[in-house]
Amino acid sequence: MVHEHDDETQRLAACEAAACGCRPMVERAFRELVGRGQPMTHALEAALVVMRWHHPEVPPPEAAEIVARWVADGRPH
């Protein structure tokens, strides 16, 4: 028996592996806005819009966590 949550997990795993193509777009939106001097909050909001465009089925709080994790991966800690 396949659960809906399992399907979502697999779909987002494809994003993590760049198989669906949304992760690079999300990261690019964030990176380019920050690179142009936009506030971090605006860049995160734009990246979240891109994520939600590709995955409207993902609840907004979860999408925000995913986006924050993705963009944090590219920044020095």
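Residues numbered from 1 in each chain as written. Predicted model: local features only at pLDDT ≥ 70, side-chain atom pairs only at ≥ 80, totals over all residues. Heavy atoms only, no water.

Draft legend 1. Up close: the side chain of Arg 23. Counting through the fold element by element, Arg 23 comes out in helix H2 (residues 22-35). We classify Arg 23 as buried; its relative accessible area is 13%. For Arg 23, the side chain forms a polar contact with the side chain of Glu 27, separated by 2.8 Å. (Helix = DSSP H or I, 4+ residues; strand = E, 2+ residues; numbered from the N terminus. Buried < 20%, exposed > 50% of the residue type's maximum accessible area, 1.4 Å probe, protein only. Polar contact = N/O pair within 3.5 Å; in protein donor to acceptor, adjacent residues only side chain to side chain.)

Draft legend 2. Here's a closer look at the pattern of salt bridges. The final tally for this structure, using the stated rule, is 3 salt bridges. Across the pair Arg 23 and Glu 27 runs a salt bridge, and its minimum N-O distance is 2.8 Å. Taken together, the residues Arg 23 and Glu 27, both in helix H2 and 4 residues apart, mark about one turn of the helix. With relative accessibility at 23%, the residue Glu 27 sits in the partly exposed group. The closest approach of N and O atoms between Arg 28 and Glu 32, which form a salt bridge, is 2.7 Å. Here Arg 28 and its partner Glu 32 are both found in helix H2, 4 residues apart, which amounts to about one turn of the helix. With relative accessibility at 30%, the residue Glu 32 sits in the partly exposed group. (Salt bridge = Lys/Arg side-chain N within 4 Å of Asp/Glu carboxyl O.)

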